[in-house]
Amino acid sequence: MVPSAQPGFNLESLLEQLSQEELREFKRLLRALSLQDELQHIPLTEVEEADGKKLADILNNRCPSHWVETVTIQVFDKMNRTDLSEKAKDELREFQLARSVELCPSYPLPPIAEGKQDKHKSMSEEEAWRSWKNFWPGAGENLQTITQRYETLVPTCNPKAPAGPFAQTVVLHGPAGVGKTTMAKKCMLDWAQRSPAQACPAAFYLSCKAVGRKGPCTPAELLSESAPDLHDALPGALAEAQNVLLVIDAFEELRAPAAVLAHDPGGDWGRPRPAPAVLGALLKRKLLPTATLLVTTRPEALRELRLVLEQPLLVEVEGLSAPDRRAYFRRHLGGEAQARRALRLLRGHAALCGPGAAPAVCGVLCACLKLPGAAGADPGRACRTATSLLLRFLCSRFAPAPGGTPRPRAPLRALCLLAAEGVWAQTSAFDPRDLRGLGVGEAALRPFLERGLLQEGGDWPRCYRFLHPSLQHFLAAALYVLGGGAGEPGWDARGVQRLLSDEEALGNPHLARVGRFLFGLANEDRVRELGATFGCPVSTEVKRELLRCTARSRQSGAFSSAAHAREALGRLYESQEEPLVKEAMAPVTEVSLHLKDAPDLEHASFCLKHCENLRTLRLRVEKGVFLDVDSASEAEAQAAGSQNDEHMLPFWMDFCSVFDSNKNLVFLDINQTFLSNSSVRILCEKIASANHNLQKVVLKDVSPADAYRDFCVVFRGHETLTHLTLQGNDQDDMLPILCETLRHPRCNLQCLRLVSCSATAQQWAHLSSSLEINQSLTCLNLTANELTDESAKLLCKTLRHPKCLLQRLSLENCHLTEACCKELSSALIVNQRLTHLCLAKNALGNGGVKLLCEGLSYPDCQLQTLVLWYCSITSNGCHHLSTLLQQNSSLTHLDLGLNHIGITGLKFLCEALKKPTCNLKCLWLWGCAITPFSCEILASALSSNQSLITLDLGQNSLGYSGVKMLCDTLKLQRFSHRTLRLRIDESDPRIQKLLKEIQESDSQLTIESDKQDPNNRPSSYDIF
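Note that the structure is a prediction, hence the values are computed from the model and not measured. (Residues numbered from 1 in each chain as written. Predicted model: local features only at pLDDT ≥ 70, side-chain atom pairs only at ≥ 80, totals over all residues. Heavy atoms only, no water.)

Colleague: What should I look at first to understand unusual backbone geometry in this one?
Modeller: The phi angle of most residues is negative, glycine excepted, and most peptide bonds adopt the trans form. Between S703 and P704 the backbone carries a cis peptide bond, its omega angle lying at 5°. Tracing the chain through its elements places P704 in the loop between strand 12 (696-703) and helix 36 (706-715). In the Ramachandran plot, Q426 falls in the positive-phi region, its phi being about 55° despite a non-glycine side chain. Here the phi dihedral of S872 falls at roughly 60°; this positive angle occurs in a residue that is not glycine. (Helix = DSSP H or I, 4+ residues; strand = E, 2+ residues; numbered from the N terminus.)

This is the structure:
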């Protein structure tokens, strides 16, 4: 933590007035008030042992000065040492006044005459009221609710906030339309009303949009223009800057290069400079360092803002809370059922309209739900998508009254052009200069102002904003479907492909929302309604271009990621055009879905039922999409479950129809998924009844736990199923059903992964006996299951059974001991089918290795791959393995990773590698404490070895000399392709040069980096 400056008072002098007991209390309270990391970097003992002088030195030189000033006064107040608190405040005021004079040398600061304070206070209060009224005429109940809830979080508005002359920086951040500017202007009003009578308060308002448009100016000119009524009183206000509130609104609208904000202009008040540079100096407190700053911004600009500010207080403004929204809809729609329907619609529109916390969004939805629909039609269905909602709202504003005459046509193209230009420029505020640049007259906007689609004023006179960003995005999309606009300036290069490109979206998040609305307007009925309402030509050709862009965005019949699939399905759902969805989904053969909320499920259910060529489906469902019975009381679960099922299960049934429509579906992967009992039942019923050809099924970490048992029942006798993974079940009722599946005469399972599952010893015994009956299973993975010695003994008995067909077996992390190795060894002697055995993460020790080698040495043993990763093996174990490898063993792949074999163990292995009877092709020595010195021994062995193809030395520090020695040796082996995996030091230029030379000169030698997850070892791929 680097201190920003020295505090504005003599801390050492203040602390010396404390007794020893008071000093201990000061330290205790000091650490309690360290909310972030102000003291975390300082050892506790150093603070506890410090006297007053030493403690002052620590705080002055190693902590932020603004924090020291604030917390010192707070601690003195808590200790009832108000004498010290007042003394600190007096010193701080004198320091801030002197600093203000120092930073304003060119601005005259005459003394304030008697009576000036009241005049200045009344001007400030009048200006605050005017700003408040102009911003939101007749501010309604919603905004009042928001400001009341959040003003307690903002120190400038909270009467209970700690008193003191502290320079504060507060950032109000949140999405558009939730009341940030309203809150800021309310703070301006409170600032004028709450300032003490003897002070000279002033509140200045700076719109970042206006600042970005302003030419060079002095700081005084910028501030005086923001509050013309305060021009005469500006010198007095700056003289007491601690009484100044500076509101900087809509930081995201500044659009100034980062270099301009980062420029250090110093404290010269008389020199003109770019207005954004002046704003940067205010934000960084190079000017008015003791003033209070209140900044508003949207989330997309918060990171950039935090790079400029020092220690800001962040207040997230979320708008209307969930209870507020429910109460609003109950009041305006007439009941609880209608309120629930409105809230569901809001959640469904969150991707395009925000979380529904903006009062404007609630108002739009309310207005649309009140509109009369077609005979007997549910108005909620007409608001199913955000596109249909905003189209209904827009058209209703211009619909003639019943029995009235048609209204004059409004120039929709002008409004759409304004919206689109704003999206590409990432702005939502427009002034006359913007309108002139587009050739749009202010008169053309008048019909939309009169109907509430545009708002005028707020930031500055003749400033225009859309009712909500979602309306701007919708109208920007509408420009693409309005006919006759080919000659509009600036739009020839902004085609649909660019609008939907991932590269453009990275720099402009608004484009993705416009893209979704454009899919919504691919619906021909909607386009015709738009054209009929405004009497303008429209085009439906955009549909073909959307299909082309969708096809280009996929690779080999699959979406590039789950996030890409989520966006694509959201776009297609927005269209509600089934022929379009069917054509777009026809080439899709693989989908990975991450359903995070109810709208995701609704989108997927609508699209996947039209996907008839799907072969692979990967599914992840977040907690909360379905009712979590375990987290609710029984009564709550029953009530919530009824409502939840009523709304969600129809979409889930549509989603599960993918098994009916896809006879080619062969792979189903359900991972980290939270379902309900009802949704599990529906899924299992669909899988059981559908005529599909599922071959591979993966269930990992699925809730509820009963789902595993239900799936096992479904797969009993399922002839096409060959691979099944069941992982993460903590119930012991699944294994009996699984054993019945294995015993079924039509069972064709070839590979079974049973990972991290609970079972009793008797159930493991039942599994062992089922393996003796089953005639199809060749691969069994029992990783991370706790097997007792008795259970392991029964499994080994199965391996000795003549009808056991297992070829690959993994017992990784099964708590096996050295005693189990004797049973395994006897099984290896008899079993002639087992070729791959994984015993990783079991504490077998050297004794266990010795027993295994006894069985492996028998000529009938056919084992080819042995994984002993992290098995507590040292050099003695390597001695037993070396002896085995020299006896013409069948072993070709050996993994000894993460065993501390050392130089001696490596020597034993190298002895085997030198012998022609050693058949090893792959040797994994990942993290085996091999040093550069050992490389000479290893290089010597490699020079004479004729069989080794892959050598893994990852996570071993070999240095440049060791790497060069091995590479030089392997380059001489020209008879076959070889792979060497190493821990590569990217900071060593010699190693980088060596690897580049090998890459360019030796096509037979491949050098790989070991940057892989140890749990996903290369040897584990060889097992399964």
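Now that the structure has been shown, the text picks up again.
Colleague: Which parts of the structure should I look at to understand the sheet that holds strand 6 (residues 429-430)?
Modeller: Strand-to-strand pairing in sheets goes through backbone hydrogen bonds, with the strands running parallel or antiparallel. If you trace the three strands from one edge of the open sheet to the other, you get 6-8-7, paired in antiparallel fashion. Looking along the sheet, the strands with just one partner apiece sit at the ends: strand 6 and strand 7 (454-456). Against the sheet, helix 23 (residues 442-450) makes contact with strand 7 and strand 8 (464-466), and its axis sits at roughly 110° relative to strand 7, the strand it touches most. (Pairing = 2+ DSSP bridges. Contact = heavy atoms within 4.5 Å. Axes fitted to C-alpha atoms, helices over the stretch in contact; angles between N-to-C directions.)

Colleague: In this structure, what is going on with the pattern of salt bridges? I would like to understand it.
Modeller: Note on pairing: side chains with opposite charge can pair once their charged atoms come close. Per the stated rule, a full pass over the model turns up 41 salt bridges. Between R330 and E336 there is a salt bridge, with its nearest N and O atoms 3.1 Å apart. A relative accessible area of 30% places E336 in the partly exposed class. With a shortest N-O distance of 3.4 Å, R990 and D988 are connected by a salt bridge. Given a relative accessible area of 11%, D988 falls into the buried group. The network of salt bridges with common partners includes E524, D525, R528, K543 and E577. (Salt bridge = Lys/Arg side-chain N within 4 Å of Asp/Glu carboxyl O. Buried < 20%, exposed > 50% of the residue type's maximum accessible area, 1.4 Å probe, protein only.)

Colleague: Would you explain the side chain of S770 in this entry?
Modeller: Among the secondary structure elements, S770 is positioned in helix 38 (residues 761-773). Apart from the residues within four sequence positions on either side, S770 is in contact with C739, L742 and R743.

Colleague: Looking at this structure, I do not really get the nonpolar core. What am I missing?
Modeller: A general trend in soluble globular proteins is that nonpolar side chains are found buried together. In this structure, F329, L593, L868 and L925 are the most contacted members of the largest nonpolar core, which totals 235 residues. Top contributing element to this core by residue count: helix 21 (residues 412-425), with 10 residues. Those residues in contact with L925 that sit more than four places away from it in its chain are L896, G897, I901, L906, L909, I930, L951, D952, L953, G954 and N956. With 36 residues, the next largest nonpolar core counts I248, A275, L279 and L293 among its residues. (Core = buried A, V, L, I, M, F, W, Y, C linked by side-chain atoms within 4.5 Å.)

Colleague: Would you explain the sheet that holds strand 1 (residues 169-173) in this entry?
Modeller: Strand order in the open sheet formed by five strands is 2-3-4-1-5, with parallel pairing between adjacent strands. In this open sheet, the two strands that pair with only one neighbour each are strand 2 (202-207) and strand 5 (313-316). The sheet shows a mean angle of 15° between the axes of neighbouring strands, taken without regard to direction. By the bridge criterion, six bridges tie strand 2 to strand 3 (residues 244-249) in an arrangement that is parallel. Each residue of the ladder has a partner; that of A202, found in strand 3, is V244. Here helix 11 (residues 219-226) sits on the sheet in contact with strand 2 and strand 3, set at roughly 95° to strand 2.

Colleague: Would you mind showing me how to read the environment of E541 here?
Modeller: Among the structural elements, E541 can be located in the loop between helix 28 (524-534) and helix 29 (542-553). You can call E541 exposed: its relative accessible area is 56%. For the pair E541 and A522, spaced 19 residues apart in sequence, the C-alpha separation works out to 8.5 Å.

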